[in-house]
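Here is how the chains run, residue by residue.
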Amino acid sequence: MAGPLALFPYARNRARRYGALWIDSLAWIAFGVAVYGCYQYMVAPPWDTFWMVHSGMDSIGYPSPGKIRVFSTINSPEPCAMFLTLSLLAMLYHSRANGPMRIAGAITVAACLALTLDRTAWLTLVIALLLVGCFTSGSRRARVYVTAAVIVVLAFYLAPYMPGIREIVGRIDTFSSIQSDISYQARLQFYRSEILTIIRQPAGLGLGAAGVATKLSSGSSGALLNFDSGILDILLEFGIILGPAFLVGQLKLLRDLHRRAKQECTQKSFVPIALAAMLSIDASLLSANNLEGIVGYCAWLLVAVAADEVESRSSVSCVNTFAVKHRKHGLI
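Computed from a prediction, not measured in an experiment: that's the story for all the values here.

Basis of the calculations
Residues numbered from 1 in each chain as written. Predicted model: local features only at pLDDT ≥ 70, side-chain atom pairs only at ≥ 80, totals over all residues. Heavy atoms only, no water. Helix = DSSP H or I, 4+ residues; strand = E, 2+ residues; numbered from the N terminus. Contact = heavy atoms within 4.5 Å. Areas by Shrake-Rupley, 256 points an atom, 1.4 Å probe, with all protein chains shown as cover. 1 Å grid on protein atoms, 1.4 Å probe; cavity = no way out; pocket = protein on both sides within 12 Å on 5 of 7 lines; lining within 4 Å. Points joined across faces, edges and corners; volume = space filled by probe spheres on them. Buried < 20%, exposed > 50% of the residue type's maximum accessible area, 1.4 Å probe, protein only. Polar contact = N/O pair within 3.5 Å; in protein donor to acceptor, adjacent residues only side chain to side chain. Axes fitted to C-alpha atoms, helices over the stretch in contact; angles between N-to-C directions. Parallel < 35°, antiparallel > 145°, perpendicular 65-115°, else oblique. Left-handed = near helix turned anticlockwise from the far one by under 90°. Nonpolar A, V, L, I, M, F, W, Y, C, P; charged D, E, K, R; others polar. Phe/Tyr/Trp six-rings, centres within 6.5 Å; stacked < 30°, edge-to-face > 60°. Salt bridge = Lys/Arg side-chain N within 4 Å of Asp/Glu carboxyl O. Patch = residues over 30% accessible without salt bridge, like charges linked within 9 Å, V, L, I, M, F, W, Y side chains within 5 Å. pLDDT = per-residue confidence, 0-100. Core = buried A, V, L, I, M, F, W, Y, C linked by side-chain atoms within 4.5 Å.

Once that is clear, we can look at the overall build of the protein chain. On a plain count of helices and strands, the protein chain comes out with 12 helices and 0 strands. Of the regular secondary structure in the protein chain, the N- to C-terminal order runs α-α-α-α-α-α-α-α-α-α-α-α. A fraction of 74% describes how many contacts in the protein chain between residues 6 or more apart in sequence connect residues 24 or more apart. Entry remark: accessible area of the protein chain is about 17,000 Å², with carbon and sulfur atoms responsible for 65%.

Structure follows, in structure tokens:
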């Protein structure tokens, strides 16, 4: 989690020159990831099946065509799904591609996202799209919602012909019977046990106390190797004082960014997508820590680009105000 956050100052310093390029690159890299993900699902290449067999993961399906939970070029379905979610948001909102190309790319990414079978990412995408509508208006909002509507309509008619549709529908059906869902019940039990651990360790256990990092101290059988809660992960690592302080500081940054953008930017380009991405990721912390890894890097990149945009517009506004004020007094 410290690694992605360390990207923020660098990206903030370079965003004025490369920000738009980064956002467009994010969208088109996701398109390549999605194309390969669909190929992976239908063909099950031997190098991917080798990884599935020897990685020891039990949540990525079976190493045969049509049985894989797609992870594409990323190590597992969960980060792949969240990466595609943020990228799809960028593609719908900012991509400079024309209409047909943008819709084709978005459909491909959405199809691959569906094949990951990751419910958290699906809900995160819905939350992010709703938040974009709250943070923007006019043609930008219409562009996002119209494109999303077209994708939904096409998906409805193409769904019977889509590979893996039975598994996708079965995954969606679990939302209606969440109380009996095995994953849900396991996560509840996990919350009960780890809350007691956090109470016993109020100062926290430090960075690397949970997740894959535990392999360094306890091997592949680390007790906290699979950590299914971002909130508890932060509290366990930072403690019950620094953990909430981190989250409050992050929310304050987003609040200030939104307030300044609302006051100073008439045509906000990156602020709505950055706010929607980060807040929707915060909502997903109930099931996974998406502030780390590739998803964390993408989220902080978006926030850095948005922060630079607000700062640059603020500087221009101050210069214009100074010029108008002194022109009235005949100083310039």
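Past the structure itself, the notes keep going.
What follows concerns the layout of surface pockets. In this structure, the second largest pocket spans a volume of roughly 970 Å³. For the second largest pocket, the lining is made up of 29 residues, of which Ala110, Ala111, Ala114, Ile151 and Ala155 are closest to its centre. With 7 residues, the single largest contributor to the lining of the second largest pocket is helix H6 (residues 138–158).

As a further point, take the side chain of Asn290. When you line up the elements, Asn290 lands in the loop between helix H11 (271–283) and helix H12 (293–328). Accessibility expressed as a relative area gives 8% for Asn290, which makes it buried. At a separation of 2.8 Å, a polar atom in the side chain of Asn290 contacts the side chain of Ser284. Filtering out sequence-adjacent residues up to four positions away, Asn290 remains in contact with Met82, Ile281, Ser284, Leu285, Val295 and Gly296.

Glancing now at the packing of helix H5 (residues 119–135) against H11. For the pair H5 and H11, interaxial distance at closest approach is 8 Å and the crossing angle is 140°. Considering the angle they form, H5 stands oblique to H11. Crossing of H5 against H11: the hand is right-handed. Of the residues in H11, those touching H5 at Thr124, Ile127, Ala128, Leu131, Val132 and Phe135 are Pro272, Leu275, Ala276, Leu279, Ser280, Ile281 and Ala283. Grouping the amino acids of the contact of H5 with H11 by side-chain chemistry returns 11 nonpolar, 2 polar and no charged.

A word on the packing of aromatic side chains. Evaluated as defined, the whole model comprises 5 aromatic pairs. Taken together, a centroid distance of 5.8 Å and an interplanar angle of 75° make the contact between Phe8 and Trp300 edge-to-face. Taken together, the residues span a long stretch of sequence, with Phe8 in helix H1 (residues 2–43) and Trp300 in helix H12 at a distance of 292 residues. Grouping residues by exposure puts Phe8 and Trp300 together as buried. Residues Trp28 and Phe31 carry aromatic rings whose centres are separated by 5.9 Å and whose planes lie at 80° to one another, so their mutual orientation is edge-to-face. You can see Trp28 and its partner Phe31 sitting in helix H1, 3 residues apart, about one turn around the helix.

It is worth spelling out the pattern of salt bridges at this point. By the definition in use, this model includes 5 salt bridges. Residue Asp308 pairs with Arg12 through a salt bridge whose shortest N-O separation is 3.1 Å. Within this pair, whereas Asp308 is found in helix H12, its partner Arg12 is found in helix H1, the two being separated by 296 residues in sequence. Given a relative accessible area of 5%, Asp308 falls into the buried group. A cluster of three or more residues bridged by salt bridges with shared partners is formed by Arg12, Arg16 and Asp308.

A surface patch of nonpolar side chains, amounting to about 730 Å² of accessible area, comprises Val153, Leu154, Phe156, Tyr157, Leu158 and Tyr161. Structurally, Tyr157 is set in helix H6. Given the relative accessible area of 56%, Tyr157 is considered exposed.

Before going further, it helps to spend a moment on the confidence of the model for the protein chain. When pLDDT is averaged across the protein chain, the result is 78; 80% of the residues are at 70 or more. Between residues 317–326, whose pLDDT stays under 50, and residues either more than four places distant or in other chains, the model counts 3 contacts.

The next subject is the environment of Glu78. Examined against the element boundaries, Glu78 turns out to sit in helix H3 (residues 77–93). Separated by 35 residues in sequence, Glu78 and Leu113 have C-alpha atoms that sit 9.9 Å apart. For Glu78, the contacting residues outside a window of four places in its chain are Ser59, Arg69 and Asp118.

What follows covers the packing of H5 against H6. The N-to-C vectors of H5 and H6 enclose an angle of 155°; their axes lie 9 Å apart at closest approach. Compared by their axis directions, H5 and H6 come out roughly antiparallel. Note on packing geometry: the crossing formed by H5 with H6 is left-handed. Note on element contacts: H6 touches H5 through Arg141, Val144, Tyr145 and Ala148, opposite Leu129, Leu130, Val132 and Gly133. Taken together, the residues of the contact of H5 with H6 break down into 6 nonpolar, 1 polar and 1 charged.

Attention now goes to the nonpolar core. Counting 73 residues, the largest nonpolar core has Phe83, Leu84, Leu89 and Leu291 as its most contacted members. In contact with Leu89, not counting residues within four places along its chain, are Ala128, Leu129, Val132, Ile273, Ala276 and Ala277. Judged by nonpolar contacts, the second largest core, of 6 residues, contains Tyr191, Leu232, Leu235 and Leu236.

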